[in-house]
Amino acid sequence: MSNTIKYKGYVGTMEYSAEDDCIWGKIINADGLVLYSGETLEDAKKAFMEMVDGETSHQ
């Protein structure tokens, strides 16, 4: 089992926060600190892809 997700060459982590009751993560190979979160796994995946798309649009 892997706690990472990949999209367009970017790798993100996926972690559950019991305190906040959400799935959150960070993009490991982004320029700077890029975080994302969602109430469900699907929401977190979507947020990750949106953040990657935002990263790639600035290059």
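Residues numbered from 1 in each chain as written. Predicted model: local features only at pLDDT ≥ 70, side-chain atom pairs only at ≥ 80, totals over all residues. Heavy atoms only, no water.

Points about helix H1 (residues 41-57)
- Taking 1.5 Å per residue as the helical rise, H1 with its 17 residues ought to reach 24 Å, and the 24 Å between its terminal C-alpha atoms agrees with that figure.
- Within H1, the full set of buried residues consists of Ala44, Ala47, Phe48, Val52 and Glu55. With its buried residues spanning 135 degrees around the axis, H1 presents them on a single face. Counted as exposed and oriented over 90 degrees from the buried face of H1: Glu42, Lys46 and Ser57. (Helix = DSSP H or I, 4+ residues; strand = E, 2+ residues; numbered from the N terminus. Expected span 1.5 Å × (residues − 1). Buried < 20%, exposed > 50% of the residue type's maximum accessible area, 1.4 Å probe, protein only. Arc of directions from axis to C-beta.)

Description of the environment of Asp31
- Note that Asp31 resides in the loop between strand S4 (22-26) and strand S5 (35-38).
- With relative accessibility at 66%, the residue Asp31 sits in the exposed group.
- Residues Asp31 and Glu55, spaced 24 residues apart in sequence, show a C-alpha to C-alpha distance of 8.2 Å.

A short note on the nonpolar core
- With 12 residues, the main nonpolar core is built from Ile5, Tyr10, Met14, Ile23, Ile27, Ala30, Val34, Tyr36, Ala44, Ala47, Phe48 and Val52.
- At 4 residues, the largest contribution of residues to this core is made by H1.
- Dropping the residues within four chain positions of it, Ala47 is found in contact with Tyr36 and Ser37. (Core = buried A, V, L, I, M, F, W, Y, C linked by side-chain atoms within 4.5 Å. Contact = heavy atoms within 4.5 Å.)

Read these as layout, nothing more, since geometry by itself doesn't imply function.
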